[in-house]
Amino acid sequence: MSASVLVLGIETSCDETAASVVSRETEGRGEILSNVILSQFDEHAAYGGVVPEIAARAHVEALDRVVQAAMDEAGVGFADLDAVAATAGPGLIGGVIVGLTTAKALALAAGKPLVAVNHLEGHALTARLTDGISFPYLLLLVSGGHTQILLVRGVGQYERWGTTIDDALGEAFDKTAKLLGLPHPGGPAVERAAARGNPNRFALPKPMFGRPGADFSFSGLKTALRIEAEAIAPLSEDDVDDLCAAFQRTVTLVVRNRIGHALDRFRAEFPEIAEPTLVVAGGVAANKALRAGLDAELSARGFRLVAPPLVLCTDNGAMIAWAGAERLALGLLDDLAAPARPRWPLDQLAAPMLGSGHKGAKA
Ligand code: KG4
Ligand code: ZN
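- Under the annotation held in an unreviewed UniProt entry, the chain carries the name tRNA N6-adenosine threonylcarbamoyltransferase and is attributed to Kaistia terrae.
- Taken from UniProt, the Subcellular location (unreviewed entry) comment for the chain reads in full: "Cytoplasm".

In structure tokens, the structure reads:
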């Protein structure tokens, strides 16, 4: 009897075409045997954002090669796999259909079980692959498509404690960059400009700051920034740097405040856990100022920050393969009728929130 399982994971829900082979030991340890990611930056650059139809077509063109590369790098054949996992949502529906249909075809041809993975569950469970952490823990997911605070109780057991009522945080970075004439993706460009700027020159509103609960809102901030920018246009390089610095400092303060509420709630619900963990994931987790702010907030409250390496924080196939392996271990399999879902909240009981951004539904 084999002591570990091998799972192929496919991710195509946004603008990365990704595939990975991961192994998982019966006692829960994992190993990434390959992790191939093809970003579509060039395809979308001219449009200043992700164009869903272009993304879907690019996935169709690249996926076969990406899957083969992941299998070759791992040195395994389809017959060696124990399951095929793919993102079945939430995300841009054209891309999700490409990945899920490919996974179904591979599973059918190789006679392997299919696992239809919720993309958010992939993000939520990654820290168990990288750091072997145990349940329960908190997850802060901040990317171009999602901004959520989740309680992770177990595989398939999530409670959404906070979410954005409008734009995702990465989307706010991207829109700020676009407004100020910085390149896409906006996050890294805004961070570079902010490092040169004076965060105190502009006073921006801090949406939701101090309100009860752990929800976020970022669209008013973007409007306030636009009004400040229009008032002093044309903008010099210094103006752009100062606006970016003000934006970054403001969102860091807001995230600290919202997270603070979730940490208090976690303490109250799990007083027996001496040093609880917060996992941060998503592309915005790359932001150093935000990370430093989070670190300060967490250590002041006796929490541990776990941040998987960036390549596993942003969209990738390994997180889908790993979530597939965790579900497989519990017998949570899907059949070939599994639907592709543009919206798919992890917490099925959570009230739907308003808003759907340029990167698709935020679940
Ligand atoms: O997780 P991700 O690669 O893709 C999804 O959206 O699922 O996240 C991409 C987002 C983009 O909005 C990008 O601008 C943002 O993460 N991002 C950053 C930084 N690097 C990437 N935002 C702020 N600071 C960064 N250094
Ligand atoms: Zn993601």
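## Comments concerning the site of ligand 1
Next up, step 1: Of all residues adjacent to ligand 1, which total 19 residues, the nearest are Gly 144, Asp 174, Gly 187, Glu 191 and Asp 315.
Next up, step 2: Residue Gly 170 places a main-chain N or O atom 3.1 Å away from an oxygen atom belonging to ligand 1.
Next up, step 3: A distance of 2.9 Å separates an oxygen atom of ligand 1 from a polar atom in the backbone of Gly 283.
Next up, step 4: In isolation ligand 1 exposes 550 Å². Once the protein is present, 91% of that is buried.
Next up, step 5: Among the elements of the structure, helix H5 (169–179) and helix H6 (186–196) are those that each provide at least two residues to the shell around ligand 1.

## Comments concerning the UniProt feature "binding site: substrate" (unreviewed entry) in the chain
Next up, step 1: According to UniProt, the feature "binding site: substrate" (unreviewed entry) maps to Leu 141, Val 142, Ser 143, Gly 144, Gly 145, Asp 174, Gly 187, Glu 191 and Asn 287 in the numbering used here.
Next up, step 2: With respect to the helices and strands, the residue Val 142 is situated in strand E6 (residues 137–142).
Next up, step 3: In contact with Val 142, other than residues within four places in its own chain, are Thr 147, Leu 169, Val 280, Ala 281, Gly 282, Gly 283, Val 284 and Ala 285.
Next up, step 4: Here Glu 191 is to be found in helix H6.
Next up, step 5: Leave out the neighbours within four places in its chain, and Glu 191 touches Gln 248, Ala 286, Asn 287, Lys 288 and Ala 289.

## Concerning the layout of surface pockets
Next up, step 1: Volume-wise, the second largest pocket comes out at about 210 Å³.
Next up, step 2: Around the second largest pocket sit 16 residues that line it, and Asn 118, Arg 327, Arg 341, Trp 344 and Gln 348 are the ones nearest its centre.
Next up, step 3: With 3 residues, the single largest contributor to the lining of the second largest pocket is strand E5 (residues 114–118).

## Description of the sheet that holds strand E3 (residues 30–39)
Next up, step 1: Strand order in this open sheet of 5 strands is E3-E2-E1-E4-E5, and the pairing throughout is mixed. Since the sheet does not close on itself, it has two edges, and those belong to E3 and E5, each with one partner. On average, each strand axis in the sheet is inclined to that of its neighbour by 20 degrees, with strand direction left out of account.
Next up, step 2: Where strand E2 (residues 16–25) meets E3, 9 bridges bridge the pair, whose relative direction is antiparallel. Across the sheet, Ala 18 pairs through a bridge with Ile 37, a residue of E3.
Next up, step 3: Sitting on the sheet, helix H2 (residues 52–74) touches strand E1 (4–11), E2 and E3, and the angle it makes with E2 is about 30 degrees.
Next up, step 4: Sitting on the sheet, helix H3 (residues 93–110) is in contact with E1, strand E4 (83–89) and E5, with an inclination near 160 degrees to E4.

## Brief notes about the pairing of E4
Next up, step 1: Among the 7 residues of E4, 7 are classified as buried, and the element is accordingly described as predominantly covered.
Next up, step 2: In this sheet, E4 lies alongside E1 in parallel orientation, the contact comprising 4 bridges. Counterpart to Val 7 in the pairing with E4 is Ala 83.
Next up, step 3: The sheet contact formed by E4 and E5 spans 5 bridges and is parallel. Each residue of the ladder has a partner; that of Ala 86, found in E5, is Ala 116.
Next up, step 4: Following the backbone out of E4, through H3 and into the adjacent parallel E5, one traces a crossover that is right-handed.

## Some details on the sheet that holds E6
Next up, step 1: With mixed pairing, 5 strands are arranged side by side in an open sheet as E8-E7-E6-E9-E10. A strand with exactly one partner marks an edge of an open sheet, and here the two such strands are strand E8 (157–163) and strand E10 (304–306). Across this sheet, the average inter-strand angle for adjacent strands is 25 degrees, counted without regard to direction.
Next up, step 2: In this fold helix H4 (residues 119–131) packs onto E6, strand E7 (147–154), E8, strand E9 (277–281) and E10, with an angle of close to 120 degrees to the strand it touches most, E6.
Next up, step 3: Along the sheet, helix H9 (residues 288–300) contacts E6, E9 and E10; its crossing angle with E10, the most-contacted strand, is approximately 150 degrees.

## What to know about the packing of aromatic side chains
Next up, step 1: One pass over the structure, following the stated rule, counts 5 aromatic pairs.
Next up, step 2: On the numbers, 5.9 Å between centres and 10 degrees between planes, the contact of Phe 135 with Tyr 137 is stacked.
Next up, step 3: In this structure Phe 135 comes out as partly exposed when scored by relative accessible area, which is 27%.
Next up, step 4: With a centroid separation of 5.9 Å and 70 degrees between ring planes, the pair formed by Phe 266 and Phe 303 is classed as edge-to-face.

Reading guide: rules and limits
Residues numbered from 1 in each chain as written. Chains lettered and ligands numbered in written order. Predicted model: local features only at pLDDT ≥ 70, side-chain atom pairs only at ≥ 80, totals over all residues. Heavy atoms only, no water. UniProt positions renumbered as here; feature names shortened; annotations may be inferred. Near = heavy atom within 4 Å. Polar contact = N/O pair within 3.5 Å; in protein donor to acceptor, adjacent residues only side chain to side chain. Areas by Shrake-Rupley, 256 points an atom, 1.4 Å probe, with all protein chains shown as cover. Helix = DSSP H or I, 4+ residues; strand = E, 2+ residues; numbered from the N terminus. Contact = heavy atoms within 4.5 Å. 1 Å grid on protein atoms, 1.4 Å probe; cavity = no way out; pocket = protein on both sides within 12 Å on 5 of 7 lines; lining within 4 Å. Points joined across faces, edges and corners; volume = space filled by probe spheres on them. Pairing = 2+ DSSP bridges. Axes fitted to C-alpha atoms, helices over the stretch in contact; angles between N-to-C directions. Buried < 20%, exposed > 50% of the residue type's maximum accessible area, 1.4 Å probe, protein only. Right-handed = clockwise from strand over helix to strand, strands pointing away. Phe/Tyr/Trp six-rings, centres within 6.5 Å; stacked < 30°, edge-to-face > 60°.

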